[in-house]
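# Survey of secondary and tertiary structure
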Amino acid sequence: MSYKLVIKKQDNSIYWVDHFSTLDQGQKWLETEKTRPYWDVTYTSEFIDTTPPPPTQAELDAAVLLKANLEASRTAAQKSKAALVAVKNATDLATLQAASIKLARVVHNLTKALQIVDPNEAE
């Protein structure tokens, strides 16, 4: 809870505004102020409850829906990231496989060009 104290002069202009956590604190402070020499007996005071109202059912429902949407978005993002990683890994694997095939061809061609005989194939 929170309270706003508004003290007004006789002409209705605002003399002082203060805020308190509890009404009791505000009232005690005001009673002390009224004993001060500068206090004018024509001042008027009003406490205004500034506590925010509790959320409506529509606001609670909207918050639940928002939370569910955020969770669904987070899950979708995680799945998308996993899919991208899988695509990248597949792409990397395909690139490695293609490079391995090219390397095997180069080694085969070099072996043939240099006429290096594989001891396992010699017999």
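Residues numbered from 1 in each chain as written. Predicted model: local features only at pLDDT ≥ 70, side-chain atom pairs only at ≥ 80, totals over all residues. Heavy atoms only, no water.

This brings us to a nonpolar patch on the surface. A surface patch of nonpolar side chains, about 480 Å² in accessible area, is lined by Leu-103, Val-106, Val-107, Leu-110 and Leu-114. Take Val-107: it is sitting in helix H2 (residues 57–114). Exposure remark for Val-107: the relative accessible area of 44% places this residue in the partly exposed category. (Patch = residues over 30% accessible without salt bridge, like charges linked within 9 Å, V, L, I, M, F, W, Y side chains within 5 Å. Areas by Shrake-Rupley, 256 points an atom, 1.4 Å probe, with all protein chains shown as cover. Salt bridge = Lys/Arg side-chain N within 4 Å of Asp/Glu carboxyl O. Helix = DSSP H or I, 4+ residues; strand = E, 2+ residues; numbered from the N terminus. Buried < 20%, exposed > 50% of the residue type's maximum accessible area, 1.4 Å probe, protein only.)

It is worth spelling out unusual backbone geometry at this point. Phi at Asn-12 is positive, roughly 75°, even though this residue is not glycine. Within the secondary structure, Asn-12 is located in the loop between strand E1 (3–8) and strand E2 (14–20).

Moving on to the side chain of Glu-33. Residue placement: Glu-33 occurs in helix H1 (residues 23–33). Residue Glu-33 is classed as buried on the basis of its relative accessible area of 12%. Setting aside residues no more than four positions away along its own chain, Glu-33 makes contact with Tyr-38 and Trp-39. (Contact = heavy atoms within 4.5 Å.)

Examined bridge by bridge, E1 and E2 share six bridges and lie antiparallel to one another. By the bridge assignment for E2, Lys-8 is matched with Ile-14. Taken together, E1 and the strand that follows it, E2, pair antiparallel across an intervening segment of five residues, in which Asn-12 is found at a positive phi of about 75°. (Pairing = 2+ DSSP bridges.)

Right, let's talk about the packing of aromatic side chains for a bit. Under the criterion given, the structure shown has five aromatic pairs. The interplanar angle of 40° and the centroid separation of 6.5 Å between the aromatic rings of Tyr-15 and Trp-16 together place this pair among those described as tilted. For Tyr-15, a relative accessible area of 30% translates into the label partly exposed. What links up through ring pairs into an aromatic cluster is the set Tyr-15, Trp-16, Phe-20, Trp-29, Trp-39 and Tyr-43. (Phe/Tyr/Trp six-rings, centres within 6.5 Å; stacked < 30°, edge-to-face > 60°.)

Going through the model one piece at a time under the given rule, you end up with four salt bridges. A salt bridge links Asp-24 to Lys-28; the shortest N-O distance between them is 3.2 Å. Residue Asp-24 and its partner Lys-28 are both found in helix H1; the two are separated by four residues, about one turn of the helix. Across the pair Glu-31 and Lys-34 runs a salt bridge, and its minimum N-O distance is 4.0 Å. By relative accessible area, Glu-31 is classed as partly exposed at 47%.

Take the confidence of the model for the protein chain next. Mean pLDDT for the protein chain: 85, with 93% of residues reaching 70 or above. Across the protein chain, E1 holds the top mean pLDDT of 97, while H2 sits lowest at 79. (pLDDT = per-residue confidence, 0-100.)

Right, let's talk about the nonpolar core for a bit. Leu-5, Ile-7, Phe-20, Leu-30, Trp-39 and Tyr-43 form the largest nonpolar core, which has six residues in total. If we ignore the near neighbours within four places in the chain, the residues touching Leu-5 are Trp-16, Val-17, Asp-18, Phe-20, Trp-29, Leu-30, Ser-45, Glu-46 and Phe-47. (Core = buried A, V, L, I, M, F, W, Y, C linked by side-chain atoms within 4.5 Å.)

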